[in-house]
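Listed below are the residues making up each chain.
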Amino acid sequence: MHEQTEDIWADRYDRQIRFAPIGAKGQARLANMRALIVGCGALGASLAQHLTRAGVGKVRIADRDFVEPSNLQRQMLFHEADALAVLPKAVAAAEKLRAINGSIEIEALVTDVNSMTITAAMENVDLVLDGTDNAATRLLLSEACFARNIPFIYGGVAGAEGMSAMLIPGQTACLRCLIGDEASVEEELNCDTAGVLSAAVDFIASLQAVEAIKWLSGNRNAVRKSWVVADLWRFSVREFTLPGCTPGCHICGGLADENIVQLNLPRSESIARSDVLAHREERKHRLQAGTDETPPAHAWSQTLAVALCGRDSVQVTLPRTFQLEQWQVVFERLGYEIKANRYLLKIGLPDGERLVLFPDGRVLVQGIIDADKALRICVRYLTDPLEMQAEEEART
Ligand SMILES: [Zn+2]
């Protein structure tokens, strides 16, 4: 911070410090804390803003997506210019967050958080907040948090309804114990059809953010030990006491209380069928490998195609990287419509689908929900650029 401007910001946290449970001591604690927010869509953008304004010392945001016009209705950190520039959400969010609070550290990761990337994403954090839109990632985060003894603050929204709970290793059950197995999840609604209202998102984000602030400011006894289900349209709020660790669960059962009774909690509405399938695939690999432990990273994520909840898109993770400039030249020569920045390359294909390439080998195939078709499109268009060039030259 600039020396001469320091005084201007001296009372930045004044109202928060005046709040007795936080005080100067809690504020100082916040400044030394590090939080990871996975997913920077509607929930994630609100969460990031709360934590940034509150003065959490380091806020890391991870997101795999870029800003589009349909996000602006509810994703509070983004502007029209971000959508026009097809900026990755993590980058666009970080820019705003740094402008909001220059005294903390904001770190943006443009990545899909999966079994290959989760270790790096979770490095040196005290807490993980759920801003995702799918069960597979949530289950992965819950498992990783319990393995590292870090709290996980779950949140999910669809329509005008949402749910939230703070899951604490050694104290509460893990997410898998709470939202059940794949078969039951599969029957649920998903956000493809439910839509979502921004006010409902903010309500759930607030539930998550306040627990994060309690935990990170040292008010751990104040943490709400319940699963909240809220419907903002009909207005109802229900609260269920969170069960403790489940005996026999390989994720949360290590410190089990033998007398815990399982609650029959409602399921997440935002769990898409595709997530279930992705998760089932993961589980199949585990079982084939003769173990129910987390599979080695390469076992199922090498070429993974996952339909994205509510996005009319399939994410394909290829075991390669992309030199974006090189590919831009190739597709420009083909006369395809291109949008590019230093983080991604978006290509309009002749049949109406769009390809979005990220340097880490990820591809979003937009305009379809069929994972097999998405893979076929990738094979067709993303063979080696020099080959494509030669093919094109031969044709003309
Ligand atoms: Zn469990």
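Residues numbered from 1 in each chain as written. Predicted model: local features only at pLDDT ≥ 70, side-chain atom pairs only at ≥ 80, totals over all residues. Heavy atoms only, no water.

- For the chain, an unreviewed UniProt entry supplies the name Thiamine biosynthesis protein ThiF and the organism Paenibacillus paeoniae.
- Quoted straight from UniProt, the Sequence similarities (unreviewed entry) entry for the chain says "Belongs to the HesA/MoeB/ThiF family." (UniProt positions renumbered as here; feature names shortened; annotations may be inferred.)

### Observations concerning the pattern of salt bridges
And then number 1: Scanning the model with the defined rule gives 17 salt bridges in all.
And then number 2: A salt bridge links R34 to D126; the nearest nitrogen and oxygen atoms lie 3.0 Å apart. Highlighted residues: R34 in strand 1 (residues 34-38) and D126 in the loop between helix 6 (118-121) and strand 4 (127-130), separated in sequence by 92 residues.
And then number 3: The salt bridge partner of E353 is K373, with a shortest N-O separation of 3.3 Å. Of this pair, E353 sits in the loop between strand 12 (345-348) and strand 13 (354-357) while K373 is found in helix 14 (residues 371-381), placing the two residues 20 residues apart along the sequence. (Salt bridge = Lys/Arg side-chain N within 4 Å of Asp/Glu carboxyl O. Helix = DSSP H or I, 4+ residues; strand = E, 2+ residues; numbered from the N terminus.)

### Comments concerning the packing of aromatic side chains
And then number 1: Inspection of the entire model under this criterion finds five aromatic pairs.
And then number 2: Plain terms: the ring middles of W327 and F331 are 6.0 Å apart, the flat faces sit at 25° to each other, and that makes the pair stacked. One end of the pair, W327, and the other, F331, are both in helix 13 (residues 324-333), four residues apart, so they sit about a helical turn from each other.
And then number 3: Aromatic side chains Y336 and Y381 sit 6.2 Å apart centroid to centroid with 70° between the ring planes, which places their arrangement in the edge-to-face category. A residue pair is termed long-range when its members are at least 10 positions apart, and Y336 in the loop between helix 13 and strand 11 (337-340) and Y381 in helix 14 qualify at 45 residues. Here Y336 and Y381 have matching classes, each one buried. (Phe/Tyr/Trp six-rings, centres within 6.5 Å; stacked < 30°, edge-to-face > 60°. Buried < 20%, exposed > 50% of the residue type's maximum accessible area, 1.4 Å probe, protein only.)

### Some points on the environment of V306
And then number 1: Mapped onto the elements of the fold, V306 is located in strand 9 (residues 304-308).
And then number 2: We classify V306 as buried; its relative accessible area is 13%.
And then number 3: Considering only alpha carbons, one finds V306 and L364, 58 residues apart in sequence, at a separation of 9.6 Å.

### Some words on the sheet that holds strand 14 (residues 362-366)
And then number 1: As summarised here, the arrangement of the six strands in space is 9-10-14-13-12-11, forming an open sheet in which the pairing is antiparallel. Strands with a single pairing partner mark the edges of an open sheet, and in this sheet they are strand 9 and strand 11. In this sheet, neighbouring strand axes are inclined to one another by 20° on average, regardless of whether the strands run parallel or antiparallel. (Pairing = 2+ DSSP bridges. Axes fitted to C-alpha atoms, helices over the stretch in contact; angles between N-to-C directions.)

### Observations regarding the confidence of the model for the chain
And then number 1: Predicted confidence across the chain gives a mean pLDDT of 84, with 79% of residues reaching 70 or more.
And then number 2: Contacts of residues 255-280 to residues separated by more than four positions or lying in other chains number 80 contacts, the stretch itself having pLDDT below 50.
And then number 3: In the model, residues 286-301 has pLDDT below 50 throughout and makes 22 contacts with residues more than four positions away in sequence or in other chains. (pLDDT = per-residue confidence, 0-100. Contact = heavy atoms within 4.5 Å.)

### Observations concerning the pairing of strand 8 (residues 236-241)
Remark: a regular strand shows side chains that alternate across the two faces of the sheet.
And then number 1: As paired strands, strand 7 (residues 226-231) and strand 8 are joined by six bridges and run antiparallel to one another. Considered in strand 8, the bridge of V229 is made with R238.
And then number 2: Joining the antiparallel neighbours strand 7 and strand 8 is a turn of four residues, in which F235 adopts a positive phi near 50°.

### Overview of the packing of helix 3 (residues 42-54) against helix 11 (residues 198-216)
And then number 1: Close contact between helix 3 and helix 11 brings their axes to 9 Å; oriented N to C, the two are set at 40°. Classified by the angle their axes make, helix 3 and helix 11 are oblique. Both helix 3 and helix 11 take part in a crossing whose hand is right-handed. Of the residues in helix 11, those in contact with A42, L43, S46, L47, H50, L51 and A54 of helix 3 are V201, D202, I204, A205, S206, Q208, A209, A212 and I213.
And then number 2: Considered class by class, the residues forming the contact of helix 3 with helix 11 number eleven nonpolar, four polar and one charged. (Parallel < 35°, antiparallel > 145°, perpendicular 65-115°, else oblique. Left-handed = near helix turned anticlockwise from the far one by under 90°. Nonpolar A, V, L, I, M, F, W, Y, C, P; charged D, E, K, R; others polar.)

### A closer look at the sheet that holds strand 6 (residues 161-167)
And then number 1: Taken in spatial order, the eight strands make up an open sheet running 3-2-1-4-5-6-7-8, and their pairing is mixed. Only two strands of the sheet have a single neighbouring strand rather than two, namely strand 3 (105-110) and strand 8. On average, each strand axis in the sheet is inclined to that of its neighbour by 15°, with strand direction left out of account.
And then number 2: Where strand 1 and strand 4 come together, four bridges link them in parallel fashion. If you follow I37 over to strand 4, its bridge partner there is L129.
And then number 3: Where helix 3 meets the sheet, its contacts fall on strand 1, strand 2 (58-63), strand 3, strand 4 and strand 5 (152-158), and the angle it forms with strand 1 comes to roughly 165°.
And then number 4: Strands in contact with helix 11 are strand 1, strand 4, strand 5, strand 6, strand 7 and strand 8; relative to strand 5, the strand with the most contacts, it is inclined by about 175°.

### Some points on the nonpolar core
And then number 1: In this structure, L51, V56, I61 and L129 are the most contacted members of the largest nonpolar core, which totals 47 residues.
And then number 2: Looking at this core, the elements that each hand over two or more residues are strand 1, helix 3, strand 2, helix 5 (89-100), strand 4, strand 5 and helix 11.
And then number 3: When sequence neighbours within four positions are dropped, the list of residues in contact with V56 reads L30, M33, A35, L51, I104, I213 and L216.
And then number 4: Counting residues in hydrophobic clusters, the runner-up holds 34 residues, among them V38, M122, I150 and L167. (Core = buried A, V, L, I, M, F, W, Y, C linked by side-chain atoms within 4.5 Å.)

### What to know about the side chain of T137
And then number 1: Tracing the backbone through its elements, the reader meets T137 in helix 7 (residues 135-148).
And then number 2: With relative accessibility at 10%, the residue T137 sits in the buried group.
And then number 3: Excluding its chain neighbours within four sequence positions, the residues that come into contact with T137 are V38, V113 and T132.

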